Amino acid sequence: MAALHDLTAHEAHELLWRGEISSLELTQAVLDRIVEIDNEIKAYLTLTPEAALERAREVDTLLAAKRRDGEEPSPLLGVPMAVKDVICTEGIETTCGSKILEGFIPPYSATVVERLTEAGAIILGKTNTDEFAMGSSTENSGFFTTHNPWDTSRVPGGSSGGSAAAVASGEAIFALGTDTGGSVRQPASLCGVVGLKPTYGRVSRYGLIAFASSLDQIGPLTRDVTDCALVLGVVAGHDPRDSTSLNLPIPNYREALLPDIKGLRIGVPEEYFVEGVEPQVAEVVRAAIDLLADLGAEMVEVSLPHTECALPTYYLIAPAEASANLARYDGVKYGLSCSEANDIWEDYRRTREAGFGPEVKRRIMLGAYALSAGYYDAYYLKAQKVRTLIKEDFDQAFSKCDVLVGPTSPTVAFKIGERVEDPLQMYLSDIFTLSQPLAGIPGISIPCGFAGGLPVGLQIIGPALGEETVLRVAYAYEEATEWHKMRPQL
Ligand code: GLN
């Protein structure tokens, strides 16, 4: 048997249900792993070991009762997990990786956290992130950088880099991340785990601290596709507290995992294999696509002509929304407060100057500029129009195929420090993951091989509410390969 900290949630569930392990043992094993390696990985901002162990004991009692009554429990009952620090957890510090929220303890939990807790999952702590989820490497965290478990001199990706690194290294069985322009999928790709960004509105954003409200979605980071389906099944669904949440039935995502993809039409966008993609990455992804063809899928050439507009469009819309969302951090109601001046405007200025890091300030300025009276039409309004064109590209493509495939990230994990001085280079990390949130559609990244010893991710993109098809293709690929079973040597 694998080490307890290396189990998937569904494997752990089998053992828990059969009474071969207890949740207390499992939780303790993962906490021990954290003690052993987190000084090297630095995945967590906050740990809650006592609460986790106490909850594990409660869950064990519940499990015993269910076993006695022959009542099948939730598949996540007793499974320890991590939560990205942009998601509110009642009573547990939530900072968004920012000094401006240091010490903030939310009075309530996000809907996703409530749902997972009700399903019996056990929260181990909060994971590191780029400040307010703005970044692709966790280097924009106001506290420290997380290290990639496959090579600790490299970044884990971002902004959900803490969650991805925790899952990859055995420091959590699964985790939650958020994706506004790639922040679940890109770190999943760089850390060799599975990461899904659901359709906009599929998962409640209540209690998710907003970055760009028309793009943000919470998604699972897991060790395989089955776990991804299980976690999605728990967190998805309507929530009256999020006005953008979709009021539609939730499919049984696990039942969608059929290994057969014969006859399914898979589109390969020509724009996803361009200059800038590392040749070895392109090679690995091409081989993965060939395998899908061998499994009986019908391959279709498609085009997403506005792909090159995704980056400028995203970097107008996301900062514009961020500049409005981040206006609330003024030092009055919560978080950091620098009030010495006896002058409210001066206090706001001092608080925001001291509390926000350079990337967040850059985005607030970009966004405020794009929204300002003289420039609104030229920038923000124009970006909204191009956003529609990007969405129409996908509509066109999905009239010819069921899913699209390509690389998640143009490169493998890069060295810590390599891109910090060059924001544009950093922004290019997300070149293939920016357009799906702009179009509101789902995408998953799954491990599909290695380049120079570092993991490569295959991205599978579906139409709105196409999660079942996306998961089915991901599962078929996973069933035919062994990549998801590889663990970094630490
Ligand atoms: N890297 C992108 C950004 O910095 C995406 C971040 C995200 O998805 N949260 O905006």
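Our subject is the structure that appears above.
Just so it is clear, the structure is predicted and the values come from calculations on it, not from any experiment.

Reading the values: rules and limits
Counting restarts for each chain, with residues numbered from 1 along the sequence as it is written. Local features in this predicted model are restricted to residues of pLDDT 70 or higher, and side-chain atom pairs are both shown and tallied only at a pLDDT of 80 or more, whereas totals for entire chains, interfaces and linings draw on every residue. Excluded from the side-chain calculations are hydrogens and water; all other atoms, namely the structure's heavy atoms, are used. Throughout, the term near means that a residue has one or more heavy atoms lying within 4 Å of the molecule or strand in question. Polar contacts, as used here, are pairs of N or O atoms within 3.5 Å; protein pairs need one atom able to donate a hydrogen and one able to accept it. Residues neighboring in sequence count only if both atoms are side-chain atoms. Only the protein chains shown count as covering a residue, and every accessible area follows the Shrake-Rupley method with a 1.4 Å probe. Secondary structure counts use DSSP, requiring at least four H or I residues in a row for a helix and at least two E residues in a row for a strand, with both numbered from the N terminus. Per-residue accessibility, obtained with a 1.4 Å probe over protein chains only, is compared with the maximum for each type, and a residue is labelled buried under 20%, exposed over 50%, and partly exposed between these values. Every helix has an expected span of 1.5 Å times one less than the residues it contains. Here, the arc refers to the directions that run from the helix axis to the C-beta atoms. Residue contacts follow a heavy-atom distance rule, with two residues in contact if any of their heavy atoms lie within 4.5 Å. Counted as salt bridges are all cases of a side-chain nitrogen of Lys or Arg within 4 Å of a carboxyl oxygen of Asp or Glu.

K.L.:
Explain the site of the ligand residue by residue, including any values.
P.N.:
What surrounds the ligand is a group of 15 residues, the closest being Gly-181, Ser-183, Tyr-314, Arg-363 and Asp-430. Between an oxygen atom of the ligand and a main-chain N or O atom of Gly-181, the distance comes to 2.6 Å. In this structure, Ser-183 approaches the ligand through a side-chain N or O atom, which is 2.8 Å from a nitrogen atom. Burial of the ligand by the protein chains amounts to 100% of its free accessible area of 290 Å².

K.L.:
I'd like a rundown of unusual backbone geometry, residues and numbers included.
P.N.:
Omega for the bond connecting Gly-158 with Ser-159 falls within 30 degrees of zero, at 10 degrees, which places this linkage in the cis form. Structurally, the position occupied by Ser-159 is in the loop between β3 (122-127) and α5 (161-169). We note that Ala-133 has phi near 65 degrees; this positive angle belongs to a residue other than glycine. For Ala-133, the position within the fold is in the loop between β3 and α5. Residue classification places Ala-133 among the buried residues on the basis of a relative accessible area of 6%. Of note, the phi angle at Thr-138 is positive, near 65 degrees, even though the residue is not glycine. As for its position among the elements, Thr-138 is in the loop between β3 and α5.

K.L.:
Could you give an account of helix α11 (residues 358-371), with specific residues and numbers?
P.N.:
The terminal C-alpha atoms of α11 lie 20 Å apart, and with 14 residues this matches the ideal 20 Å at 1.5 Å per residue to within 8%. For α11, every residue scored as buried is listed here: Glu-359, Val-360, Arg-363, Ile-364, Gly-367 and Ala-370. Mapping the buried residues of α11 onto a view down its axis gives an arc of 135 degrees, with all of them on the same face. Exposed side chains of α11 directed beyond 90 degrees from the buried face belong to Pro-358 and Met-365. In this structure, the buried residues of α11 make contact with α9 (310-325), α10 (344-355), α12 (377-398) and α13 (423-427).

K.L.:
Mind laying out α12, listing which residues take part and the relevant values?
P.N.:
Every α-helix carries 3.6 residues per turn, so stepping three or four residues along brings you back to the same face. For α12, built from 22 residues, the straight-helix expectation of 32 Å at 1.5 Å per residue is met to within 8% by its first-to-last C-alpha distance of 31 Å. Every buried residue of α12 is listed here: Tyr-380, Ala-383, Val-386, Arg-387, Ile-390, Asp-393, Phe-394, Ala-397 and Phe-398. Buried residues along α12 sit against β8 (298-302), α9, α11, β9 (403-407), α14 (435-439) and β11 (454-461).

K.L.:
How would you explain the pattern of salt bridges if you had to name every residue and give the values?
P.N.:
Under the definition given, this model contains 22 salt bridges. The shortest N-O distance in the salt bridge between Asp-402 and Arg-265 comes to 3.3 Å. Here Asp-402, found in the loop between α12 and β9, pairs with Arg-265, found in strand β7 (residues 265-269); they are 137 residues apart in sequence, far enough to count as distant. Of the residues examined, Asp-402 reaches a relative accessible area of 24% and is grouped as partly exposed. Take Arg-265: its relative accessible area is 27%, and that puts it in the partly exposed class. With its nearest N and O atoms 2.7 Å apart, the salt bridge here joins Glu-359 to Arg-363. Within this pair, Glu-359 and its partner Arg-363 are both found in helix α11, separated by 4 residues, close to a single helical turn. Both residues of the pair, Glu-359 and Arg-363, count as buried. Here the salt bridges share partners, and the residues they tie into one network are Glu-340, Glu-346, Arg-349 and Arg-350.

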